[in-house]
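Chain and residue survey
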Amino acid sequence: MVTTTVEKIRELSAQLLKDKKVDMVIGFQKGSLPMSNEPVMVKRPADVDKLVWDSHCSVNLASYLTDRKEKIGVIAKGCDTRNIATHIIENKISREQLTIIGVPCSGMIDRRKVMNAVGFEIKELIEESDRVIAKGDDAEKRFNKAEILQENCAVCSHPNPVLFDELVSDPVEVKEGIDRYADVREIEAMETDAKWAYFEDLLSNCIRCYACRNACPLCYCPTCFVDESEPQWVGKSSDAVDTRTFHFLRAYHCAGRCTDCGSCERVCPMGIKMRAFTRKLEKDCLESFNWQAGLNIEQRPPLDSFNPADPDQFVK
Amino acid sequence: MGIEKDRLHFSWISSAEATKFVDVVNKVTASVKALGPAKRFIKAG
Amino acid sequence: MIKIQKQDWEKGLEKLKSGYELFGPVVDKDAWEFRKLEPDQLPVLGMANTRLSAKSTVFPQSQVMFRYSLEPSKEDSGGMQAEGLDVKPRAVLGIRPCDAASFQLVKKNFDNREYPDPYWVKPFEQTTFIGFACDQPLQTCFCTSVGGGPYGEAGLDLLFSENGDHFIAKALTEKGDILAKAAGWQTEGDAAELEAKRVAAEKKISTTVATDRIKTSSVLDLFNAPFWEEIAFACLNCGTCTFSCPTCWCFDIQDEVKGTEGKRMRNWDSCMFPLFTLEGSGHNPRPKKEQRVRQRFMHKLKYYPDKYGSDVQCVGCGRCIQLCPVNIDIRQVCESMNNL
């Protein structure tokens, strides 16, 4: 009998809790809305049946590990494990505390994309491997999963966990020939005025709720630069200049650390595609330092360490 | 981002390189003046 | 009761422009938001609801309270010039009954005896609310559980319902009568038509919550309940719920100063943010996420009803459920609190 991913997750979690190898397991439980799951902390073996796994387990669970003191089992997909690696390097959690239950990932579904593509209220979403059916009261629409993936998942280069103690299923095939930066290059190629206008439009409805920052596992500063008032670096209103500053400066703080997990875009209530900023910096780090974040816990990131070979052609 | 390239310059100048300092300051000043007053990233009143 | 043909609706809006500033739902990227209408813009009716609530029509996200200048050359140098208090009459069109009812709840806070807030009260008093009843409630709408309904009348001056080629409308207040006259909407309509639609819409509400036992439970029992850790675990403290909620009213006042000139601004703030309760001394009474999450639900469902002797501080619009990125559901929290 083939054990499904969910069954394996529950089996492993129950065992870890029974053996007291961990104090808690962090994963997802079924949400109260279609296409939505809620991060959950399971402390008793009897409760592992709460744990689910499907294409709506998008929020990066590494955010829930920051500065915790317990022994933790965490269900992690490719991008999550890269952020866990970064957390370890940055001393936000120790490797010894964690038992990483790795889940090879075939991509998460973009809830907003699906909702915008149907003309009815979705009451249920059924997944049948690569096919998805969105059901309303008296209408339904079918999709290929590939059409409705989150944008970061569509260009994912590391779907398989890079750091793990257990793997619940066979590694998935990494897509060949993905161009991660086609849209970034398009923006790079824009004329100055067009570029300014592009970002003006992108951020026009930002309400400064900071959901993007809070969902990001990298954003753990006790006082974020936007909250600082002595000195006040950035204004707190919805002023366009302050808003733009928040977004691009946050992206800079994530440079060389961001794994493009997509949580920022996922959680934004206004549907802002702010990955435009982080992916530009990701591309720059790759091209300048041949660096991808969180692939192992031995190497220090480029913005953390000096190498004589670091590019300096721009310094006159 | 949409700010003119010639407003941002990087240079490495030692305190012993006075001539270079003068040179760079003049070049940067001329480069930025040629663009005129900055209109972007200035907060409205 | 008034009957308005669809073409007379548009003609009426045109007539209103001379006496009212018009606000209504308009398209914003892939959703709808309440905005002041552009000269040729019509409000969009019939979409489920706006992404953020209508509270921004009276209580904008960022607002200048006053400006000052110390420039000797300026006439008003050394003084402060208030802004935002000279409000012209406005009409908020196409507001859902839940959002309209929310203003009544929020009014208790801003229009109080001791410290009425002119920045909220002025725009509120100048506004005529023209409601648009719901015929297709969403699965997250629980207005009927909190004293409202898809055809609820609280906080509205006029209530419209769409019926094929026309609207059937009910004037609820004097303000509503005045506006209907100004728009030329005077044709007699059939009360039974509206009533039938109300009954049909209420049948479509599919989700309910019970909050009756929260009122009678002790504050400390609820405060010290064991379920808060579990409820708060997933929360990112992102502020989405507070910003989209029609009954959330917290704000932060800040000065922005540039040399000898400055302004005092009011911006939406959120009890979800760690700095919300940070005091000048450096002490923070709610440093932990769990405390902040508990605070929000206790405020909505217990402190407000206790303080004002009324129903909960929630209109059942369901935005927090739809928008919460980690699917924390206020209906589940109500259940936990009600079944203590």
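Residues numbered from 1 in each chain as written. Chains lettered and ligands numbered in written order. Predicted model: local features only at pLDDT ≥ 70, side-chain atom pairs only at ≥ 80, totals over all residues.

Considering the sheet that holds strand E8 (residues 140-144) of chain A
All names here are of chain A. If you walk across this open sheet you meet the three strands as E6-E7-E8, and the pairing is antiparallel. Pairing within the sheet leaves two strands with one partner each, and these edge strands are strand E6 (124-128) and E8. Shown here is a sheet whose adjacent strand axes are inclined to one another by a mean of 20°, direction ignored. (Pairing = 2+ DSSP bridges. Helix = DSSP H or I, 4+ residues; strand = E, 2+ residues; numbered from the N terminus. Axes fitted to C-alpha atoms, helices over the stretch in contact; angles between N-to-C directions.)

Focus on the pairing of strand E2 (residues 21-28) of chain C
Look at any regular strand and the pattern is simple: side chains alternate between the two faces of the sheet. Residues and elements named next belong to chain C. Note: E2 against strand E6 (residues 90-95), three bridges, orientation parallel. Bridge pairing in E6 links Leu22 to Ala91. Where E2 meets strand E3 (residues 31-36), six bridges bridge the pair, whose relative direction is antiparallel. Note on E3: the bridge partner recorded for Phe23 is Lys36.

Things to note about the interface of chain A and chain C
Every contact between the two is made by 30 residues of chain A and, on the other side, 31 residues of chain C. Where the side of chain A that touches chain C is concerned, the elements lending two or more residues are strand E2 (37-42), helix H7 (211-215) and helix H9 (263-267) of chain A. When residues of the side of chain A that touches chain C are assigned to their parent elements, the largest contribution, five residues, is made by E2 of chain A. The residue makeup of the side of chain A that touches chain C, split by class, is twelve nonpolar, eleven polar and seven charged. (Contact = placed C-beta atoms within 7 Å. Nonpolar A, V, L, I, M, F, W, Y, C, P; charged D, E, K, R; others polar.)

Notes on helix H8 (residues 240-253) of chain A
Residue and element names in this part refer to chain A. Taking 1.5 Å as the rise per residue, H8 with 14 residues should run 20 Å; its terminal C-alpha atoms sit 20 Å apart, in good agreement. Restricting attention to buried positions, one finds in H8 the residues Thr243, Arg244, Phe246, His247, Arg250 and Ala251. Seen end-on, H8 carries its buried residues on one side only, within an arc spanning 155°. In the core, the buried residues of H8 are packed alongside helix H6 (192-202), H7 and helix H10 (275-289). (Expected span 1.5 Å × (residues − 1). Buried ≥ 20, exposed ≤ 12 C-beta atoms within 10 Å, placed from the backbone. Arc of directions from axis to C-beta.)

Quick word on the arrangement of the chains
With two pairs of chains in contact, the largest contact count belongs to chains A and C. Separating chain B from chain C is a minimum C-alpha gap of 9 Å, and the two share no contact.

Describing the interface of chain A and chain B
Taken together, the eleven residues of chain A in the interface contact ten residues of chain B. For the side of chain A that touches chain B, the secondary structure elements donating two or more residues are H6 and H8 of chain A. Looking at which element gives the most residues to the side of chain A that touches chain B, the answer is H6 of chain A, with five residues. Of the residues assigned to the side of chain A that touches chain B, the class counts are six nonpolar, one polar and four charged.

Observations concerning the sheet that holds strand E11 (residues 261-268) of chain C
All names here are of chain C. Taking strand neighbours across the sheet as the criterion, the four strands line up as E5-E4-E11-E10 in an open arrangement whose pairing is antiparallel. Looking along the sheet, the strands with just one partner apiece sit at the ends: strand E5 (80-82) and strand E10 (251-258). Averaged over all pairs of adjacent strands, the angle between their axes in this sheet comes to 20°, without regard to strand direction. In the sheet, E10 pairs with E11 via eight bridges, with the strands oriented antiparallel. Among the inter-strand pairings, Glu256 is bridged to a residue of E11, identified as Lys263.

What to know about the confidence of the model for chain B
Considering every residue of chain B, the mean pLDDT works out to 91; 98% of them sit at 70 or more. As a predicted assembly, this complex carries a pTM of 0.92 together with an ipTM value of 0.92. (pLDDT = per-residue confidence, 0-100.)

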